[in-house]
Number of protein chains: 2
Amino acid sequence: MYLEIRHLRSIQAINTHKKLSAAADALCVTQSALSHQIKNLEETFNAELFFRKSRPLKLTPAGESLLKLANEIIPLVLDAEKELKQISLGTSGRLHIAIECHSCFEWLIPSMDNFKIDWPEVSLDLSFGFAFDPFPALLDGKLDLVVSSDPVDIDGIAFLPLFDFKMQLAVPLGHKFIEKGFVVPEDLEDETLITYPVDRERLDIYRGFLDPAGVTPKESRTAEMTIMMIQLVNSNCGIASLPSWAIHEYIERNRVAAVDLGKGGYWGTLYAAIREKDLQTPYMNSFVDIAKNTSLGLLFGVRDKK
Amino acid sequence: MYLEIRHLRSIQAINTHKKLSAAADALCVTQSALSHQIKNLEETFNAELFFRKSRPLKLTPAGESLLKLANEIIPLVLDAEKELKQISLGTSGRLHIAIECHSCFEWLIPSMDNFKIDWPEVSLDLSFGFAFDPFPALLDGKLDLVVSSDPVDIDGIAFLPLFDFKMQLAVPLGHKFIEKGFVVPEDLEDETLITYPVDRERLDIYRGFLDPAGVTPKESRTAEMTIMMIQLVNSNCGIASLPSWAIHEYIERNRVAAVDLGKGGYWGTLYAAIREKDLQTPYMNSFVDIAKNTSLGLLFGVRDKK
DNA sequence: AAATAACATGAATGAAATTCATAATAAACA
DNA sequence: TGTTTATTATGAATTTCATTCATGTTATTT
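Residues numbered from 1 in each chain as written. Chains lettered and ligands numbered in written order. Predicted model: local features only at pLDDT ≥ 70, side-chain atom pairs only at ≥ 80, totals over all residues. Heavy atoms only, no water.

## Here's the deal with the overall build of chain A
Within chain A one finds eleven helices and 13 strands. A compact globule built from 306 residues would reach a C-alpha radius of gyration of about 19 Å, whereas chain A, at 31 Å, exceeds it by more than 25%. Considering only C-alpha atoms, chain A reaches an extent of 105 × 30 × 30 Å along its principal axes. Burial status across chain A gives 51% buried among its 306 residues. For chain A, long-range pairs separated by at least 24 residues make up 73% of all intrachain contacts whose partners lie at least 6 apart in sequence. Put simply, chain A shows about 14,200 Å² of open surface, and 51% of that area lies on carbon and sulfur atoms. (Helix = DSSP H or I, 4+ residues; strand = E, 2+ residues; numbered from the N terminus. Rg over C-alpha atoms; globule rule 2.2 N^0.38 Å. Buried < 20%, exposed > 50% of the residue type's maximum accessible area, 1.4 Å probe, protein only. Contact = heavy atoms within 4.5 Å. Areas by Shrake-Rupley, 256 points an atom, 1.4 Å probe, with all protein chains shown as cover.)

## Examining helix H10 (residues 244-252) of chain A
Burial in H10(A) covers these residues: A:Ser244, A:Trp245, A:Ala246, A:Ile247 and A:Tyr250. The positive-phi residue at the C-terminal boundary of H10(A) is A:Asn254, with phi of around 60°.

## Remarks on the interface of chain B and chain A
Facing the 38 residues of chain B at the interface are 38 residues of chain A. Where chain B abuts chain A, roughly 3,500 Å² becomes buried across the two surfaces, and 66% of that area is made up of carbon and sulfur atoms. Summed over the shared surface of chain B and chain A, the number is four salt bridges. The residue B:Glu4 makes a salt bridge to A:Arg6 at a minimum N-O spacing of 3.5 Å. Our count for the chain B to chain A interface comes out at six residue pairs in polar contact (both at pLDDT 80 or more). Elements represented by at least two residues in the side of chain B that touches chain A include exactly helix H1 (5-17), helix H4 (61-89) and helix H6 (134-140) of chain B. In terms of residue class, the side of chain B that touches chain A is built from 17 nonpolar, five polar and 16 charged. (Buried area = accessible area lost by both parts, 1.4 Å probe. Salt bridge = Lys/Arg side-chain N within 4 Å of Asp/Glu carboxyl O. Polar contact = N/O pair within 3.5 Å; in protein donor to acceptor, adjacent residues only side chain to side chain. Nonpolar A, V, L, I, M, F, W, Y, C, P; charged D, E, K, R; others polar.)

## Quick look at the protein's contact with DNA strand C
The environment of DNA strand C is formed by 23 residues, the closest being A:Thr30, A:Ser32, B:Lys19, B:Leu20 and B:Arg52. A share of 65% is what sugar and phosphate atoms reach among the atoms of DNA strand C within 4 Å of the protein. The separation between a base nitrogen of DNA strand C and a polar side-chain atom of A:Ser32 is 2.5 Å. Here a base oxygen of DNA strand C sits 2.7 Å away from a polar atom, N or O, in the side chain of B:Ser32. Within the residue set of the surface near DNA strand C, elements represented by two or more residues are helix H3 (31-45) of chain A together with helix H2 (20-27) and helix H3 (31-45) of chain B. Across the surface near DNA strand C, the residue classes tally to five nonpolar, eleven polar and seven charged. (Near = heavy atom within 4 Å.)

## Some thoughts on the domain arrangement of chain A
The domain boundaries assigned to chain A delineate domain 1 (5-89), domain 2 (93-161 + 270-301) and domain 3 (164-267). Here domain 1 of chain A and domain 3 of chain A have C-alpha centroids that lie 71 Å from each other. (Domains from an automatic or database assignment.)

## Concerning the relation of the copies chain B and chain A
Here two copies of a chain appear, and what relates them is a rotation about an axis with a shift along it. In screw terms, the move from chain B to chain A is a rotation of 179° and a rise of 0.1 Å along the axis, fitting with an RMSD of 0.5 Å. One copy is carried onto the other by what is essentially a two-fold rotation axis. A shared binding surface is used by both copies, with 100% of the interface residues of chain B retained as interface residues in chain A. (Least-squares fit on C-alpha atoms with pLDDT ≥ 70 in both.)

## With respect to the protein's contact with DNA strand D
In the vicinity of DNA strand D lie 22 residues, with A:Lys19, A:Leu20, A:Arg52, B:Thr30 and B:Ser32 positioned nearest. Counting only the atoms of DNA strand D within 4 Å of the protein, the fraction contributed by sugar and phosphate is 59%. Measuring from a base oxygen of DNA strand D, one finds a side-chain N or O atom of A:Ser32 at 2.8 Å. Within the backbone of B:Thr30, one N or O atom sits 2.7 Å away from a phosphate oxygen of DNA strand D. Counting only elements with at least two residues in the surface near DNA strand D, the list comes to helix H2 (20-27) and H3 of chain A together with H3 of chain B. It is H3(A) that contributes the most residues to the surface near DNA strand D, five residues altogether. Of the residues that constitute the surface near DNA strand D, the class distribution is five nonpolar, ten polar and seven charged.

## Notes on the pairing of strand E9 (residues 219-222) of chain A
Sheet faces and side chains relate simply in a regular strand, where the side chains alternate between the two faces. Residue and element names in this part refer to chain A. Looking at chain direction, strand E8 (residues 192-195) and E9 are connected through four bridges and run parallel. Paired with threonine 195 across the bridge in E9 is threonine 222. At this point the chain moves from E8, through helix H8 (residues 204-213), to the parallel E9, and the crossover so formed is right-handed. (Pairing = 2+ DSSP bridges. Right-handed = clockwise from strand over helix to strand, strands pointing away.)

## Structural notes on the packing of helix H1 (residues 5-17) of chain A against H2(A)
Residues and elements named next belong to chain A. With their axes 8 Å apart at the nearest point, H1 and H2 run at an angle of 130° to one another. Here H2 runs oblique to H1, going by the angle between their axes. Considering the relative orientation of H1 and H2, their crossing is right-handed. Facing Arg9, Ser10, Ala13, Ile14 and His17 of H1, the residues of H2 in contact are Leu20, Ala22, Ala23, Ala26 and Leu27. Here the contact of H1 with H2 is composed, by residue class, of seven nonpolar, two polar and one charged. (Axes fitted to C-alpha atoms, helices over the stretch in contact; angles between N-to-C directions. Parallel < 35°, antiparallel > 145°, perpendicular 65-115°, else oblique. Left-handed = near helix turned anticlockwise from the far one by under 90°.)

And the structure:
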C-alpha cells in the first residue's frame, strides 16, 4: 500500500481528537474504517503509530513523523485546491497575448493596464513578432490570445472582433496623392510600398485592397517598427500602409500626410483569437471587452465593429 | 473524489515524459488507467490539466499548479518514508529516560554520551524527579526507559538488570559506626536518616534493610541532591544511605566516611525498565549494554548482576 | 491520403476501503 | 476487586473505486 493524503488527514484527526471514534466522526467515516486504515498503515511501515494501551491516544515517534508530514503537506494541498478553484471559476489564470501588428502596442498596453485592475490574479504576458504561425501555439497552450486582423477558420479557435479601423496610406508631405484624398489600387503600381516584415497574405493592404484588383506595387520594402516606416516615408523612400491611428500622431507633427485607400476608405477589423474552450472563461471575455472600450476611447479612426 | 499523492505522482510523470503512455509505463499502470485518472481529476476540479490538442503534452495553468504542489510535496513524502523506514529498522527513534535515583547522573551521562556515538539518529532525552509513578508514563509512551532499583510486575513492562551496587551509610568522620565497619538495622534506631525525597517504599534502605527488621530511625529528613546529603552528614546532622559509588569521591576528599549495611554489605540491583514491545528494538538493547559496560568500568562498588 | 502513434472511452474486472456486527480491551465506578 | 461503561479491534460482507481490456477517436508523420 502507498501513503496517501487521506492517511495524513487521519493521523491529524486522531492527533487532535485523541480518540479514534471522535476522529472517525470528524472524517465522516466509521470508527471501524479508521481502525482498519491505521492498521494497514502500521503494517506497511512496520511500525506502530500510536500507543494502544493509553487513552487519550498518544502518537509514537513513527506517528509523530507522519503527523509532522501531515502538518507540512495539508496546508499546501488546501492552498493548491483553492488556487484550482479560482482557476475553474475563471478568476485566476494566465493570459499570454501575441500580436503581429506592431502598432498595436498603442492600445494594447493601456488595455492590459485596465485589465490588471479588474483581474489582479490573472498572470499577463505579451509576445510580439511571432516568427511562426501563432494559431498552433494558441491551440497548444503556449499562447492564450492572438491579436489578428485576418480571421481564419481553424477548428478550436474563435475570433472575437475588437474594433474596425481605417487603413490609410502614409505619404510624404506634398505627395501627389494628397489632393485626390484617396487612392485606387492602380495608383500604387508606380510606388514603393513599405510594410511590416510579415507574410504578404497577412497584410491588409494586399489581402483587402491590392490583390482583389490584381495590382502589385513597383517595389516593396519592409520595416520593423512604425516609427521607422514613418521615417522612410518622410524621406521620400516610399509610402506605407498603416492603421490611421498609427499615422495620426505623425500627421499632427507634420511628418507625413495620409490618404484613404479607395473612396470612403478601406476598413479592416481587428480580432482577438482565443481557444473556443476559453469562450466560457470570464476573464477572457472581460479582456476583449476592456480592449474594445479602451481602444475605442483612445484611438483615432476606429469604430465599433458593425 | 479527493486529491491524493498518487495523482501528484501522475502529474509529475506526465510532465516529465510529455506522453501519457510513457508516463503510464513509468508509473507501472496502463495508459488507459492514467487517462481515466486524469479525467477524474479534471472533473473534480472542473479544469483541464493539459492541452489535449498538442503533442508533446503541455500542462494548463491548472496542471501547473498541481505540478508545483507535487514538486513541493513528493520530496517531503519521500523523506518521511525514509524516516519511517529507519524507525522500523530500529536505527532511529526516541529514547526518553527517567531516573528516580539522583546519583545516577554519574553513570548515566557518560552512558548517554557513549550511546550517541553508536546511535546518532536516536533522539535522547532525560527527565528526573518524576513526582508521579513513571510506569504508566512508560506504557503511554511519554517515557521509553525508566531506571529503577525496584522491579515490579506490570504487564507490558520488562526489567533488564544493569548492575549490582553496594548500598552504604555515609557517616560523619569519627562516627562510632566506623570502627565496627558495618551496622545492623537496630543501630539506626537512634539516628537521623537522610534520604532522597521519594516514597519510602522506593528507598532501598527501607525496603531491603530496615523494614524487614521492623526498625524505624529516630528521625528522618530529606535532601534533593547527593552533595546536600553529604553536606548534612559532614555537619553531623544525620547519616545518609547512598550507593557506595556516590559516596566514594567524598570519602577520598575526607568529607565523610562509609560503613556497610549488614555484614558483607547490602547489595541492590539497578534495572532499566522498558516496554516489552521494545525488547526487540535494537537501540534499546544496545543502550542497556552500553550503560552496563560504562557503569562497571566507571563506578566504585558495583558488580555485574549475579 | 494513408499509415502510424498516441490518447479517450465504456464495460468488465479486481482490488481496496468501508461498513456492519460483534469481540476484546481499557477506564471509570462502586 | 469486580462491574459497568466507553473505546478500540476484528472478520466477513459490501460497496466503492481504480484498473484493465478492447476498441474508438484524434493527432502526427510519411
